[in-house]
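Working through the structure, step by step
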Amino acid sequence: VNNNGHLTFDGPLSQPKPSNFQSQLNRDIIAPLWIDMDNTVNGTISYRQVTSGRLLLAATNNINQYFPNLNFSASWLFIATWDKVPYYSNLQS
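What you see is a predicted model, and the numbers here were worked out from it, not measured in a lab.

Turning our eyes to something else, we now look at the nonpolar core. Val50, Leu56, Ala59, Ala74 and Leu77 together form the largest nonpolar core, which totals 5 residues. Dropping the residues within four chain positions of it, Leu56 is found in contact with Val50, Thr51, Ala74, Ser75, Trp76 and Leu77.

Laid out in structure tokens, this is it:
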């Protein structure tokens, strides 16, 4: 879980913004919130895995709603959260 709103699998990625050349990175990435954030100012970055409960059932129902022929059943979820992490501002105080 990287500080700029993305997930990588083979090590951290510090690039703050996507560019036109991301396909040349040659690595797997999930980028749900790829923006230039500054977690040194405020906010919390956290993650967790869920293996039972309402969230797992909700994920199963959502996937089956949009892919009705899949017959999907979620066995776990990975949840990453960037809570109240502000956008990076390079303005001088």
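Okay, unusual backbone geometry next. In this structure, Asn71 takes a positive phi of about 55° despite not being glycine. For Asn71, the location among the structural elements is in the loop between helix H1 (54-66) and strand S4 (77-83). With phi around 55°, Lys84 is a residue other than glycine that occupies positive phi space. Along the chain, the position of Lys84 falls in the segment after S4. Residue classification places Lys84 among the exposed positions, given a relative accessible area of 64%.

A cluster of nonpolar side chains, Val1, Tyr47, Trp76 and Phe78, forms an exposed patch at the surface whose accessible area comes to about 440 Å². Tracing the backbone shows Tyr47 in strand S3 (residues 44-50). Residue classification places Tyr47 among the exposed positions, given a relative accessible area of 58%.

Here is what the cut-offs are and how they apply
Residues numbered from 1 in each chain as written. Predicted model: local features only at pLDDT ≥ 70, side-chain atom pairs only at ≥ 80, totals over all residues. Heavy atoms only, no water. Core = buried A, V, L, I, M, F, W, Y, C linked by side-chain atoms within 4.5 Å. Buried < 20%, exposed > 50% of the residue type's maximum accessible area, 1.4 Å probe, protein only. Contact = heavy atoms within 4.5 Å. Helix = DSSP H or I, 4+ residues; strand = E, 2+ residues; numbered from the N terminus. Patch = residues over 30% accessible without salt bridge, like charges linked within 9 Å, V, L, I, M, F, W, Y side chains within 5 Å. Areas by Shrake-Rupley, 256 points an atom, 1.4 Å probe, with all protein chains shown as cover. Salt bridge = Lys/Arg side-chain N within 4 Å of Asp/Glu carboxyl O.

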